[in-house]
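# Architecture and fold: a report
As a plain string of letters, each chain reads:
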Amino acid sequence: MPDQLHALIPRLREICGDDGVVTDPMGRRTYASDGIPYHAADPGVVVLPTSTAQVAAVLRLCADNGVPFVPRGAGTGLSAGALPRTDGVLVVTSRMRRILEIDTANERAVVEPGVANLDITRAAAPHGYYYAPDPSSQQVCTVGGNIAENSGGAHCLKYGFTVHHVTGLVVVTPSGDTVRLGGKAAEAPGYDLIGAFVGSEGTLGIATEITVRLTRAPQKVSTVLAAFATMDAGGAAVSAIIGAGVLPAAVEMMDALSIEAAEAAVACGYPPGAGAVLIVELDGPTADVDAQFAEVTRMCREAGAFEVRTATDAAERARIWKGRKSAFAAVGRISPAYIVQDGVVPRTALPRVLRRIAELSAESGIRVANVFHAGDGNLHPLVLFDDTEPGAEERAAEVSGRILDLCIEAGGSITGEHGVGIDKACHMPAMFSADDLAAMDLFRRAFDPLGIANPEKLLPTPRLCGERPRVAKGAHPLVAEGRAELF
Ligand SMILES: Cc1cc2nc3c(=O)[nH]c(=O)nc-3n(C[C@H](O)[C@H](O)[C@H](O)COP(=O)(O)OP(=O)(O)OC[C@H]3O[C@@H](n4cnc5c(N)ncnc54)[C@H](O)[C@@H]3O)c2cc1C
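Described below are features of the structure shown in this document. Keep in mind it's a predicted model, so treat the numbers as computed, not measured. (Residues numbered from 1 in each chain as written. Predicted model: local features only at pLDDT ≥ 70, side-chain atom pairs only at ≥ 80, totals over all residues. Heavy atoms only, no water.)

## Some remarks on the sheet that holds strand 4 (residues 89-92)
What holds strands together in a sheet is hydrogen bonding between their backbones, with the strands either parallel or antiparallel. For the record, the criterion: What makes two strands pair is DSSP finding at least two bridges between them. Segments assigned H or I by DSSP are reported as helices when at least four residues long, segments assigned E as strands when at least two residues long, and all are numbered from the N terminus. Contacts are assigned to residue pairs that have any heavy atoms within 4.5 Å of one another. Geometry is summarised by axes, namely lines fitted to C-alpha atoms with helices restricted to the contacting stretch, and by angles between N-to-C directions that run from 0 to 180 degrees.
Sheet architecture is open: four strands sit in the order 1-2-4-3, paired in mixed fashion. Each edge of the sheet is formed by a strand with only one pairing partner; in this case those strands are strand 1 (21-22) and strand 3 (69-72). Alignment of strand 1 against strand 2 (residues 45-47), held across two bridges, turns out to be antiparallel. Opposite Val21, over in strand 2, you have Val47 as the bridge partner. Contacts between helix 4 (residues 52-65) and the sheet are confined to strand 2, strand 3 and strand 4, with strand 4 contributing the most and set at about 165 degrees to the helix.

## Observations concerning the site of the ligand
Using the following cut-off: Being near a molecule or strand, for a residue, comes down to having at least one heavy atom within 4 Å of it. Pairs of N or O atoms within 3.5 Å make up the polar contacts considered here, provided that, within protein, one atom can donate a hydrogen while the other can accept it, and that residues adjacent in sequence are counted only when both atoms are side-chain atoms. Exposure was quantified through the Shrake-Rupley algorithm and a 1.4 Å probe, taking into account, for residues, occlusion by the shown protein chains and nothing else. In this count, Pro and Cys sit with the nonpolar residues alongside Ala, Val, Leu, Ile, Met, Phe, Trp and Tyr, while Asp, Glu, Lys and Arg are called charged and the others, Gly among them, polar.
Around the ligand, the surrounding shell holds 38 residues, and the nearest of these are Pro71, Gly73, Thr76, Ser137 and Thr142. Ala74 is positioned with one of its backbone polar atoms (N or O) 2.9 Å from an oxygen atom of the ligand. Out of a free accessible area of 990 Å², the ligand has 100% covered by protein chains. For the shell around the ligand, the secondary structure elements donating two or more residues are strand 3, helix 6 (143-149) and strand 10 (206-213). Examining the composition of the shell around the ligand, we find that five residues originate from one element, helix 6, more than from any other. Residues that form the shell around the ligand fall into these classes: 14 nonpolar, 19 polar and five charged.

## Structural notes on the packing of helix 13 (residues 350-364) against helix 14 (residues 392-409)
Quick note on the threshold: Angle categories: roughly parallel below 35 degrees, roughly antiparallel above 145, roughly perpendicular from 65 to 115, and oblique for all the rest. In this scheme the crossing of two helices becomes right-handed for a clockwise turn of the near helix relative to the far one and left-handed for an anticlockwise turn of less than a right angle.
Look at helix 13 against helix 14: their axes get within 11 Å of each other, and the N-to-C directions meet at 160 degrees. Of the possible angle classes, the one that applies to helix 13 and helix 14 is roughly antiparallel. The handedness of the crossing between helix 13 and helix 14 is right-handed. Here helix 13 contributes Val353, Arg356, Ile357, Leu360 and Ser364 to the contact with helix 14, which in turn contributes Arg395, Val399, Arg402, Ile403 and Leu406. Here the contact of helix 13 with helix 14 is composed, by residue class, of six nonpolar, one polar and three charged.

Now the structure itself:
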(Lines give C-alpha, C1' and ligand atoms only; values in the text may rest on other atoms or scores of the structure.)
Protein backbone atom coordinates (compact mmCIF):
# COMPACT_ATOMS: atom_id res chain seq x y z
CA MET A 1 0.00 0.00 0.00
CA PRO A 2 1.46 3.42 -0.93
CA ASP A 3 2.67 5.45 2.11
CA GLN A 4 0.28 8.28 1.32
CA LEU A 5 -2.70 5.93 1.53
CA HIS A 6 -1.33 4.21 4.64
CA ALA A 7 -1.25 7.57 6.40
CA LEU A 8 -5.01 8.02 5.82
CA ILE A 9 -6.08 4.82 7.56
CA PRO A 10 -6.39 6.16 11.13
CA ARG A 11 -8.61 8.98 9.86
CA LEU A 12 -10.71 6.53 7.76
CA ARG A 13 -11.23 4.45 10.92
CA GLU A 14 -12.41 7.57 12.78
CA ILE A 15 -14.91 8.25 9.99
CA CYS A 16 -16.27 4.75 9.26
CA GLY A 17 -15.40 2.90 12.48
CA ASP A 18 -12.96 0.00 12.80
CA ASP A 19 -15.45 -2.44 11.27
CA GLY A 20 -15.96 -0.09 8.31
CA VAL A 21 -12.35 -0.19 7.07
CA VAL A 22 -10.76 -3.25 5.43
CA THR A 23 -6.98 -3.31 5.17
CA ASP A 24 -5.97 -6.97 5.44
CA PRO A 25 -4.89 -8.57 2.13
CA MET A 26 -7.52 -11.34 2.04
CA GLY A 27 -10.32 -8.91 2.91
CA ARG A 28 -9.25 -6.53 0.17
CA ARG A 29 -8.92 -9.37 -2.34
CA THR A 30 -12.69 -10.01 -1.97
CA TYR A 31 -13.29 -6.78 -3.89
CA ALA A 32 -10.64 -7.26 -6.59
CA SER A 33 -13.04 -7.55 -9.54
CA ASP A 34 -16.66 -7.16 -10.58
CA GLY A 35 -18.66 -9.35 -13.01
CA ILE A 36 -15.72 -9.77 -15.39
CA PRO A 37 -12.95 -11.34 -13.35
CA TYR A 38 -10.18 -10.98 -15.94
CA HIS A 39 -9.93 -7.33 -14.87
CA ALA A 40 -8.68 -7.57 -11.28
CA ALA A 41 -6.68 -5.46 -8.82
CA ASP A 42 -6.58 -5.45 -5.03
CA PRO A 43 -7.88 -2.14 -3.66
CA GLY A 44 -5.45 -0.10 -1.55
CA VAL A 45 -8.04 0.15 1.20
CA VAL A 46 -11.78 -0.59 1.39
CA VAL A 47 -14.28 1.54 3.34
CA LEU A 48 -17.88 0.61 4.13
CA PRO A 49 -19.65 3.84 5.11
CA THR A 50 -23.14 3.82 6.61
CA SER A 51 -24.28 7.39 5.88
CA THR A 52 -23.99 10.33 3.47
CA ALA A 53 -21.95 12.17 6.10
CA GLN A 54 -19.41 9.34 6.22
CA VAL A 55 -19.16 9.19 2.40
CA ALA A 56 -18.65 12.98 2.34
CA ALA A 57 -15.90 12.82 4.97
CA VAL A 58 -14.12 10.00 3.09
CA LEU A 59 -14.25 11.84 -0.25
CA ARG A 60 -13.08 15.09 1.35
CA LEU A 61 -10.11 13.24 2.82
CA CYS A 62 -9.34 11.77 -0.62
CA ALA A 63 -9.59 15.21 -2.26
CA ASP A 64 -7.35 16.85 0.38
CA ASN A 65 -4.71 14.22 -0.25
CA GLY A 66 -5.13 13.72 -4.01
CA VAL A 67 -6.03 10.05 -3.49
CA PRO A 68 -8.26 8.32 -6.09
CA PHE A 69 -11.49 6.58 -5.07
CA VAL A 70 -13.74 4.02 -6.77
CA PRO A 71 -17.42 3.55 -5.84
CA ARG A 72 -18.74 -0.01 -5.66
CA GLY A 73 -22.21 -1.49 -5.16
CA ALA A 74 -22.68 -5.25 -5.45
CA GLY A 75 -19.87 -5.71 -7.99
CA THR A 76 -22.06 -7.34 -10.67
CA GLY A 77 -21.02 -4.83 -13.36
CA LEU A 78 -20.00 -6.26 -16.73
CA SER A 79 -17.60 -3.52 -17.86
CA ALA A 80 -15.15 -3.46 -14.92
CA GLY A 81 -16.46 -0.08 -13.79
CA ALA A 82 -15.83 -0.99 -10.16
CA LEU A 83 -12.28 -2.25 -10.80
CA PRO A 84 -10.37 -0.99 -7.73
CA ARG A 85 -7.18 1.07 -7.62
CA THR A 86 -4.21 -0.31 -5.75
CA ASP A 87 -3.33 3.30 -4.85
CA GLY A 88 -6.89 4.28 -3.91
CA VAL A 89 -9.92 3.90 -1.67
CA LEU A 90 -12.75 1.58 -2.68
CA VAL A 91 -16.02 2.99 -1.29
CA VAL A 92 -18.50 0.10 -0.95
CA THR A 93 -22.17 0.93 -0.33
CA SER A 94 -23.21 -2.48 1.04
CA ARG A 95 -23.98 -1.05 4.51
CA MET A 96 -26.26 1.66 3.07
CA ARG A 97 -29.28 -0.56 2.39
CA ARG A 98 -32.22 1.19 3.98
CA ILE A 99 -35.44 1.82 2.11
CA LEU A 100 -36.14 5.25 3.54
CA GLU A 101 -39.67 5.77 2.20
CA ILE A 102 -42.37 4.14 0.07
CA ASP A 103 -44.56 7.08 -0.89
CA THR A 104 -47.46 5.67 -2.92
CA ALA A 105 -49.37 8.96 -2.93
CA ASN A 106 -46.52 10.48 -4.99
CA GLU A 107 -45.55 7.13 -6.57
CA ARG A 108 -41.98 7.42 -5.32
CA ALA A 109 -39.51 5.39 -3.25
CA VAL A 110 -36.52 6.93 -1.51
CA VAL A 111 -33.64 4.51 -0.96
CA GLU A 112 -30.00 4.31 0.01
CA PRO A 113 -27.61 3.29 -2.81
CA GLY A 114 -26.81 -0.20 -1.48
CA VAL A 115 -30.46 -1.37 -1.69
CA ALA A 116 -30.85 -4.29 -4.11
CA ASN A 117 -33.01 -3.45 -7.13
CA LEU A 118 -35.61 -6.15 -6.42
CA ASP A 119 -36.00 -5.04 -2.79
CA ILE A 120 -37.79 -1.89 -3.97
CA THR A 121 -40.37 -4.02 -5.75
CA ARG A 122 -40.67 -6.28 -2.69
CA ALA A 123 -41.34 -3.25 -0.49
CA ALA A 124 -43.78 -1.67 -2.96
CA ALA A 125 -45.70 -4.83 -3.94
CA PRO A 126 -48.08 -4.86 -0.96
CA HIS A 127 -49.22 -1.39 -2.11
CA GLY A 128 -49.84 -2.57 -5.69
CA TYR A 129 -46.65 -1.01 -7.09
CA TYR A 130 -43.27 -2.12 -8.42
CA TYR A 131 -39.97 -0.67 -9.62
CA ALA A 132 -39.93 -1.10 -13.40
CA PRO A 133 -36.24 -1.27 -14.53
CA ASP A 134 -35.44 -4.98 -14.21
CA PRO A 135 -31.84 -6.03 -14.93
CA SER A 136 -31.55 -9.80 -14.74
CA SER A 137 -29.15 -9.31 -11.83
CA GLN A 138 -31.91 -7.51 -9.92
CA GLN A 139 -31.83 -9.84 -6.93
CA VAL A 140 -28.37 -8.59 -6.00
CA CYS A 141 -27.31 -5.53 -8.01
CA THR A 142 -27.70 -2.23 -6.18
CA VAL A 143 -29.72 0.82 -7.12
CA GLY A 144 -26.50 2.87 -6.88
CA GLY A 145 -24.88 0.60 -9.48
CA ASN A 146 -28.02 0.79 -11.66
CA ILE A 147 -27.86 4.60 -11.53
CA ALA A 148 -24.18 4.62 -12.44
CA GLU A 149 -24.68 2.23 -15.40
CA ASN A 150 -28.15 3.43 -16.47
CA SER A 151 -29.13 -0.22 -16.34
CA GLY A 152 -31.81 -1.80 -18.48
CA GLY A 153 -33.72 -5.07 -18.58
CA ALA A 154 -36.20 -7.05 -20.63
CA HIS A 155 -39.07 -4.71 -19.79
CA CYS A 156 -37.28 -1.45 -20.55
CA LEU A 157 -38.77 -1.39 -24.06
CA LYS A 158 -42.05 -0.12 -22.67
CA TYR A 159 -40.99 1.37 -19.36
CA GLY A 160 -37.62 2.92 -20.21
CA PHE A 161 -34.20 2.60 -18.63
CA THR A 162 -33.08 3.61 -15.14
CA VAL A 163 -32.69 7.24 -16.22
CA HIS A 164 -36.44 7.45 -16.85
CA HIS A 165 -37.20 6.39 -13.29
CA VAL A 166 -34.95 8.63 -11.20
CA THR A 167 -36.35 11.97 -10.06
CA GLY A 168 -34.03 12.84 -7.19
CA LEU A 169 -30.48 12.22 -6.01
CA VAL A 170 -28.27 13.14 -3.11
CA VAL A 171 -24.73 13.09 -4.46
CA VAL A 172 -21.39 13.49 -2.73
CA THR A 173 -19.10 15.19 -5.24
CA PRO A 174 -15.42 14.26 -5.62
CA SER A 175 -14.50 17.29 -3.48
CA GLY A 176 -16.63 15.91 -0.63
CA ASP A 177 -19.55 18.35 -0.99
CA THR A 178 -23.10 17.04 -0.64
CA VAL A 179 -25.61 18.24 -3.24
CA ARG A 180 -29.27 17.48 -3.74
CA LEU A 181 -30.51 17.15 -7.35
CA GLY A 182 -34.25 17.09 -8.03
CA GLY A 183 -36.59 15.39 -5.58
CA LYS A 184 -40.04 13.84 -5.85
CA ALA A 185 -41.33 16.27 -8.48
CA ALA A 186 -41.34 15.04 -12.08
CA GLU A 187 -39.18 17.85 -13.45
CA ALA A 188 -36.72 20.45 -12.16
CA PRO A 189 -35.70 23.64 -14.01
CA GLY A 190 -32.18 24.23 -15.30
CA TYR A 191 -29.64 21.75 -16.62
CA ASP A 192 -30.61 18.11 -16.31
CA LEU A 193 -27.94 17.11 -13.81
CA ILE A 194 -29.80 13.93 -12.87
CA GLY A 195 -29.66 12.90 -16.53
CA ALA A 196 -25.94 13.70 -16.51
CA PHE A 197 -25.27 11.72 -13.33
CA VAL A 198 -27.22 8.64 -14.40
CA GLY A 199 -24.82 6.63 -16.55
CA SER A 200 -21.73 8.49 -15.30
CA GLU A 201 -20.20 5.24 -13.98
CA GLY A 202 -18.89 6.64 -10.71
CA THR A 203 -16.87 9.40 -12.39
CA LEU A 204 -18.91 12.35 -11.05
CA GLY A 205 -19.24 11.34 -7.40
CA ILE A 206 -21.21 8.91 -5.27
CA ALA A 207 -25.03 8.79 -5.07
CA THR A 208 -26.01 8.33 -1.43
CA GLU A 209 -29.79 8.74 -1.62
CA ILE A 210 -31.97 7.97 -4.63
CA THR A 211 -35.61 8.86 -5.33
CA VAL A 212 -37.22 6.62 -7.95
CA ARG A 213 -40.64 6.34 -9.57
CA LEU A 214 -42.93 3.53 -8.55
CA THR A 215 -45.12 2.00 -11.26
CA ARG A 216 -48.61 0.57 -10.74
CA ALA A 217 -48.64 -3.21 -11.13
CA PRO A 218 -50.49 -4.05 -14.37
CA GLN A 219 -54.00 -5.53 -14.27
CA LYS A 220 -53.04 -8.28 -16.70
CA VAL A 221 -49.89 -9.80 -18.20
CA SER A 222 -49.92 -12.14 -21.22
CA THR A 223 -46.99 -13.74 -23.02
CA VAL A 224 -46.65 -15.11 -26.56
CA LEU A 225 -43.88 -17.44 -27.78
CA ALA A 226 -43.60 -17.70 -31.56
CA ALA A 227 -41.21 -20.02 -33.43
CA PHE A 228 -39.86 -19.13 -36.88
CA ALA A 229 -37.69 -20.95 -39.41
CA THR A 230 -35.31 -17.99 -39.72
CA MET A 231 -34.16 -14.90 -37.82
CA ASP A 232 -35.33 -12.75 -40.72
CA ALA A 233 -38.89 -14.03 -40.30
CA GLY A 234 -38.76 -13.33 -36.56
CA GLY A 235 -37.39 -9.86 -37.27
CA ALA A 236 -40.25 -9.22 -39.71
CA ALA A 237 -42.72 -10.06 -36.94
CA VAL A 238 -41.02 -7.56 -34.59
CA SER A 239 -41.23 -4.82 -37.24
CA ALA A 240 -44.90 -5.64 -37.90
CA ILE A 241 -45.79 -5.52 -34.18
CA ILE A 242 -44.02 -2.24 -33.46
CA GLY A 243 -45.15 -0.76 -36.79
CA ALA A 244 -48.77 -1.51 -35.88
CA GLY A 245 -48.44 0.73 -32.83
CA VAL A 246 -48.45 -2.10 -30.29
CA LEU A 247 -45.99 -1.40 -27.46
CA PRO A 248 -45.24 -4.68 -25.69
CA ALA A 249 -43.59 -4.70 -22.27
CA ALA A 250 -40.87 -6.96 -23.69
CA VAL A 251 -39.83 -8.33 -27.09
CA GLU A 252 -37.00 -10.84 -26.85
CA MET A 253 -35.43 -13.05 -29.50
CA MET A 254 -33.09 -16.07 -29.52
CA ASP A 255 -31.32 -17.71 -32.46
CA ALA A 256 -30.88 -21.43 -33.19
CA LEU A 257 -27.59 -21.76 -31.30
CA SER A 258 -28.90 -20.14 -28.13
CA ILE A 259 -32.11 -22.23 -28.36
CA GLU A 260 -29.94 -25.34 -28.64
CA ALA A 261 -27.93 -24.28 -25.55
CA ALA A 262 -31.07 -23.46 -23.51
CA GLU A 263 -32.68 -26.74 -24.51
CA ALA A 264 -29.59 -28.69 -23.44
CA ALA A 265 -29.42 -26.88 -20.09
CA VAL A 266 -33.02 -26.53 -18.91
CA ALA A 267 -35.14 -28.55 -21.38
CA CYS A 268 -37.35 -25.54 -21.98
CA GLY A 269 -39.32 -27.40 -24.67
CA TYR A 270 -39.16 -24.70 -27.34
CA PRO A 271 -40.52 -25.88 -30.73
CA PRO A 272 -38.01 -28.25 -32.38
CA GLY A 273 -36.37 -27.01 -35.57
CA ALA A 274 -36.85 -23.31 -34.76
CA GLY A 275 -34.28 -20.99 -36.34
CA ALA A 276 -35.55 -18.22 -34.05
CA VAL A 277 -37.97 -17.82 -31.17
CA LEU A 278 -39.64 -14.59 -30.27
CA ILE A 279 -41.11 -13.85 -26.85
CA VAL A 280 -43.58 -10.99 -26.68
CA GLU A 281 -45.00 -9.90 -23.33
CA LEU A 282 -47.99 -7.57 -23.10
CA ASP A 283 -49.23 -5.88 -19.94
CA GLY A 284 -51.80 -3.28 -18.97
CA PRO A 285 -55.59 -3.07 -18.57
CA THR A 286 -57.24 -6.42 -19.32
CA ALA A 287 -59.24 -5.17 -22.32
CA ASP A 288 -56.13 -3.67 -24.00
CA VAL A 289 -54.00 -6.72 -23.36
CA ASP A 290 -56.64 -9.08 -24.73
CA ALA A 291 -57.05 -7.03 -27.91
CA GLN A 292 -53.30 -6.69 -28.48
CA PHE A 293 -52.74 -10.35 -27.69
CA ALA A 294 -54.97 -11.39 -30.59
CA GLU A 295 -53.26 -8.89 -32.89
CA VAL A 296 -49.71 -9.99 -31.95
CA THR A 297 -50.59 -13.66 -32.43
CA ARG A 298 -52.02 -12.91 -35.88
CA MET A 299 -48.97 -10.84 -36.92
CA CYS A 300 -46.57 -13.58 -35.81
CA ARG A 301 -48.45 -16.12 -37.95
CA GLU A 302 -48.51 -13.74 -40.92
CA ALA A 303 -44.73 -13.27 -40.60
CA GLY A 304 -44.29 -17.03 -40.90
CA ALA A 305 -44.43 -18.39 -37.34
CA PHE A 306 -44.92 -22.16 -37.58
CA GLU A 307 -45.92 -22.42 -33.95
CA VAL A 308 -47.42 -19.89 -31.54
CA ARG A 309 -47.86 -20.59 -27.82
CA THR A 310 -49.64 -18.31 -25.41
CA ALA A 311 -49.50 -17.95 -21.64
CA THR A 312 -51.86 -16.04 -19.44
CA ASP A 313 -51.02 -17.29 -15.96
CA ALA A 314 -47.79 -17.00 -13.99
CA ALA A 315 -46.81 -20.68 -14.29
CA GLU A 316 -47.23 -20.76 -18.07
CA ARG A 317 -45.35 -17.47 -18.39
CA ALA A 318 -42.47 -18.81 -16.28
CA ARG A 319 -42.25 -21.84 -18.63
CA ILE A 320 -41.93 -19.57 -21.66
CA TRP A 321 -39.32 -17.34 -19.99
CA LYS A 322 -37.29 -20.26 -18.64
CA GLY A 323 -35.30 -20.85 -21.83
CA ARG A 324 -34.71 -17.16 -22.43
CA LYS A 325 -33.62 -16.41 -18.87
CA SER A 326 -31.21 -19.31 -18.77
CA ALA A 327 -29.82 -18.83 -22.27
CA PHE A 328 -26.61 -17.04 -21.32
CA ALA A 329 -25.66 -19.40 -18.55
CA ALA A 330 -26.67 -22.30 -20.80
CA VAL A 331 -24.11 -21.28 -23.39
CA GLY A 332 -21.44 -22.25 -20.85
CA ARG A 333 -22.60 -25.84 -21.48
CA ILE A 334 -21.89 -25.82 -25.20
CA SER A 335 -18.65 -23.83 -25.10
CA PRO A 336 -15.75 -23.84 -22.64
CA ALA A 337 -15.38 -20.05 -22.87
CA TYR A 338 -17.25 -17.12 -24.35
CA ILE A 339 -17.25 -13.35 -24.60
CA VAL A 340 -20.42 -11.53 -23.51
CA GLN A 341 -20.86 -8.64 -25.90
CA ASP A 342 -23.34 -5.76 -25.53
CA GLY A 343 -24.17 -3.36 -28.35
CA VAL A 344 -27.13 -1.49 -29.76
CA VAL A 345 -28.40 -0.88 -33.27
CA PRO A 346 -31.50 0.91 -34.55
CA ARG A 347 -34.28 -1.69 -34.56
CA THR A 348 -34.60 -1.60 -38.36
CA ALA A 349 -30.89 -2.45 -38.75
CA LEU A 350 -31.23 -5.67 -36.72
CA PRO A 351 -31.69 -8.11 -39.67
CA ARG A 352 -28.76 -6.60 -41.59
CA VAL A 353 -26.42 -6.60 -38.56
CA LEU A 354 -27.42 -10.14 -37.58
CA ARG A 355 -26.65 -11.31 -41.13
CA ARG A 356 -23.21 -9.67 -40.95
CA ILE A 357 -22.58 -11.31 -37.58
CA ALA A 358 -23.42 -14.67 -39.17
CA GLU A 359 -20.97 -13.93 -42.00
CA LEU A 360 -18.24 -12.92 -39.53
CA SER A 361 -18.87 -16.14 -37.66
CA ALA A 362 -18.61 -18.24 -40.85
CA GLU A 363 -15.46 -16.43 -42.04
CA SER A 364 -13.67 -16.81 -38.70
CA GLY A 365 -14.96 -20.24 -37.69
CA ILE A 366 -15.98 -18.70 -34.34
CA ARG A 367 -19.55 -19.53 -33.30
CA VAL A 368 -21.78 -16.66 -32.18
CA ALA A 369 -25.04 -17.20 -30.28
CA ASN A 370 -27.52 -14.34 -30.36
CA VAL A 371 -29.90 -13.58 -27.49
CA PHE A 372 -31.26 -10.09 -27.53
CA HIS A 373 -33.78 -7.42 -26.64
CA ALA A 374 -35.26 -7.26 -30.17
CA GLY A 375 -37.68 -4.48 -29.29
CA ASP A 376 -34.99 -1.91 -28.57
CA GLY A 377 -32.19 -3.28 -30.78
CA ASN A 378 -29.98 -4.24 -27.83
CA LEU A 379 -27.79 -7.15 -28.97
CA HIS A 380 -26.04 -9.55 -26.63
CA PRO A 381 -23.94 -11.70 -28.97
CA LEU A 382 -22.08 -14.50 -27.18
CA VAL A 383 -18.82 -15.22 -28.95
CA LEU A 384 -17.89 -18.84 -28.26
CA PHE A 385 -14.44 -20.37 -28.34
CA ASP A 386 -12.28 -23.11 -26.89
CA ASP A 387 -9.68 -21.51 -24.65
CA THR A 388 -7.43 -24.58 -24.90
CA GLU A 389 -7.05 -24.05 -28.64
CA PRO A 390 -4.07 -21.80 -29.45
CA GLY A 391 -5.13 -18.46 -30.92
CA ALA A 392 -8.87 -19.07 -30.43
CA GLU A 393 -9.20 -16.42 -27.71
CA GLU A 394 -7.58 -13.77 -29.90
CA ARG A 395 -9.81 -14.68 -32.87
CA ALA A 396 -12.89 -14.52 -30.65
CA ALA A 397 -11.82 -11.12 -29.27
CA GLU A 398 -11.33 -9.94 -32.86
CA VAL A 399 -14.86 -11.09 -33.84
CA SER A 400 -16.27 -9.49 -30.70
CA GLY A 401 -14.61 -6.16 -31.51
CA ARG A 402 -15.81 -6.35 -35.13
CA ILE A 403 -19.38 -6.77 -33.85
CA LEU A 404 -19.05 -3.45 -32.03
CA ASP A 405 -17.77 -1.88 -35.26
CA LEU A 406 -20.88 -3.22 -37.02
CA CYS A 407 -23.07 -1.62 -34.34
CA ILE A 408 -21.35 1.75 -34.82
CA GLU A 409 -21.56 1.50 -38.64
CA ALA A 410 -25.30 0.81 -38.32
CA GLY A 411 -25.76 4.02 -36.31
CA GLY A 412 -25.83 2.26 -32.95
CA SER A 413 -23.61 2.17 -29.89
CA ILE A 414 -20.85 0.12 -28.22
CA THR A 415 -23.00 -0.53 -25.18
CA GLY A 416 -26.70 -0.91 -24.55
CA GLU A 417 -26.80 -1.40 -20.82
CA HIS A 418 -23.51 -2.67 -19.39
CA GLY A 419 -21.62 0.60 -19.59
CA VAL A 420 -18.12 1.39 -20.79
CA GLY A 421 -16.06 0.98 -17.62
CA ILE A 422 -12.46 0.10 -18.30
CA ASP A 423 -13.41 -2.80 -20.56
CA LYS A 424 -14.78 -0.74 -23.45
CA ALA A 425 -13.05 2.60 -22.90
CA CYS A 426 -10.75 1.76 -25.81
CA HIS A 427 -13.75 1.56 -28.16
CA MET A 428 -14.90 5.11 -27.39
CA PRO A 429 -12.70 6.73 -30.09
CA ALA A 430 -14.39 4.51 -32.69
CA MET A 431 -17.66 6.18 -31.79
CA PHE A 432 -16.66 9.70 -30.78
CA SER A 433 -14.27 12.23 -32.31
CA ALA A 434 -11.31 13.61 -30.36
CA ASP A 435 -13.30 16.84 -29.90
CA ASP A 436 -16.29 14.90 -28.53
CA LEU A 437 -14.05 13.09 -26.06
CA ALA A 438 -12.35 16.33 -25.02
CA ALA A 439 -15.77 17.91 -24.40
CA MET A 440 -16.77 14.91 -22.26
CA ASP A 441 -13.52 15.22 -20.32
CA LEU A 442 -14.21 18.93 -19.70
CA PHE A 443 -17.65 18.03 -18.39
CA ARG A 444 -16.15 15.39 -16.11
CA ARG A 445 -13.54 17.86 -14.85
CA ALA A 446 -16.29 20.32 -13.88
CA PHE A 447 -17.30 17.78 -11.23
CA ASP A 448 -13.86 16.31 -10.61
CA PRO A 449 -11.09 18.84 -11.26
CA LEU A 450 -8.52 16.67 -9.48
CA GLY A 451 -9.29 13.59 -11.59
CA ILE A 452 -9.70 11.32 -8.54
CA ALA A 453 -13.21 9.91 -9.17
CA ASN A 454 -12.97 6.43 -10.71
CA PRO A 455 -10.01 7.40 -12.92
CA GLU A 456 -9.40 5.61 -16.24
CA LYS A 457 -13.01 4.46 -16.52
CA LEU A 458 -15.44 5.56 -19.24
CA LEU A 459 -13.01 7.71 -21.26
CA PRO A 460 -10.07 6.08 -23.07
CA THR A 461 -6.67 6.03 -21.40
CA PRO A 462 -4.19 5.18 -24.19
CA ARG A 463 -1.75 3.14 -22.12
CA LEU A 464 -4.51 0.81 -20.97
CA CYS A 465 -6.05 0.22 -24.39
CA GLY A 466 -5.57 -3.14 -25.99
CA GLU A 467 -4.07 -4.83 -22.94
CA ARG A 468 -6.82 -7.33 -22.32
CA PRO A 469 -9.39 -9.21 -24.41
CA ARG A 470 -13.02 -9.23 -23.32
CA VAL A 471 -13.43 -12.83 -22.31
CA ALA A 472 -15.86 -14.46 -19.90
CA LYS A 473 -15.15 -18.03 -18.96
CA GLY A 474 -18.06 -20.23 -17.96
CA ALA A 475 -21.20 -19.03 -16.24
CA HIS A 476 -21.06 -16.13 -13.79
CA PRO A 477 -20.95 -17.39 -10.16
CA LEU A 478 -24.20 -15.55 -9.36
CA VAL A 479 -25.94 -17.56 -12.08
CA ALA A 480 -24.37 -20.80 -10.93
CA GLU A 481 -25.67 -20.09 -7.39
CA GLY A 482 -29.15 -19.36 -8.76
CA ARG A 483 -29.00 -15.80 -7.40
CA ALA A 484 -29.23 -14.12 -10.80
CA GLU A 485 -30.51 -14.83 -14.25
CA LEU A 486 -28.61 -13.83 -17.31
CA PHE A 487 -30.42 -11.29 -19.47
C1 LIG B 1 -25.82 -12.34 -14.02
C2 LIG B 1 -25.85 -10.90 -14.44
C3 LIG B 1 -26.93 -10.39 -15.14
C4 LIG B 1 -26.97 -9.04 -15.52
N5 LIG B 1 -28.06 -8.56 -16.19
C6 LIG B 1 -28.11 -7.25 -16.53
C7 LIG B 1 -29.24 -6.72 -17.24
O8 LIG B 1 -30.21 -7.42 -17.55
N9 LIG B 1 -29.25 -5.40 -17.55
C10 LIG B 1 -28.20 -4.59 -17.20
O11 LIG B 1 -28.27 -3.39 -17.50
N12 LIG B 1 -27.12 -5.06 -16.56
C13 LIG B 1 -27.04 -6.36 -16.21
N14 LIG B 1 -25.95 -6.84 -15.55
C15 LIG B 1 -24.85 -5.92 -15.21
C16 LIG B 1 -24.92 -5.31 -13.77
O17 LIG B 1 -25.69 -6.12 -12.92
C18 LIG B 1 -25.49 -3.88 -13.78
O19 LIG B 1 -24.60 -3.04 -14.48
C20 LIG B 1 -25.73 -3.30 -12.38
O21 LIG B 1 -26.34 -2.04 -12.47
C22 LIG B 1 -24.45 -3.13 -11.55
O23 LIG B 1 -24.84 -2.88 -10.21
P24 LIG B 1 -23.82 -3.16 -9.01
O25 LIG B 1 -24.44 -2.76 -7.74
O26 LIG B 1 -23.33 -4.54 -9.06
O27 LIG B 1 -22.66 -2.13 -9.39
P28 LIG B 1 -21.09 -2.34 -9.39
O29 LIG B 1 -20.69 -3.41 -10.33
O30 LIG B 1 -20.58 -2.43 -8.00
O31 LIG B 1 -20.63 -0.94 -9.98
C32 LIG B 1 -20.98 -0.57 -11.29
C33 LIG B 1 -20.57 0.88 -11.54
O34 LIG B 1 -21.33 1.73 -10.71
C35 LIG B 1 -20.49 2.59 -9.93
N36 LIG B 1 -21.23 2.79 -8.68
C37 LIG B 1 -21.71 1.84 -7.83
N38 LIG B 1 -22.41 2.42 -6.83
C39 LIG B 1 -22.40 3.75 -7.06
C40 LIG B 1 -22.94 4.87 -6.39
N41 LIG B 1 -23.68 4.75 -5.26
N42 LIG B 1 -22.72 6.10 -6.89
C43 LIG B 1 -21.98 6.27 -8.02
N44 LIG B 1 -21.43 5.25 -8.69
C45 LIG B 1 -21.64 4.01 -8.22
C46 LIG B 1 -19.18 1.83 -9.84
O47 LIG B 1 -18.08 2.71 -9.63
C48 LIG B 1 -19.13 1.19 -11.21
O49 LIG B 1 -18.63 2.11 -12.16
C50 LIG B 1 -25.88 -8.19 -15.19
C51 LIG B 1 -24.78 -8.71 -14.50
C52 LIG B 1 -24.75 -10.04 -14.13
C53 LIG B 1 -23.55 -10.56 -13.38
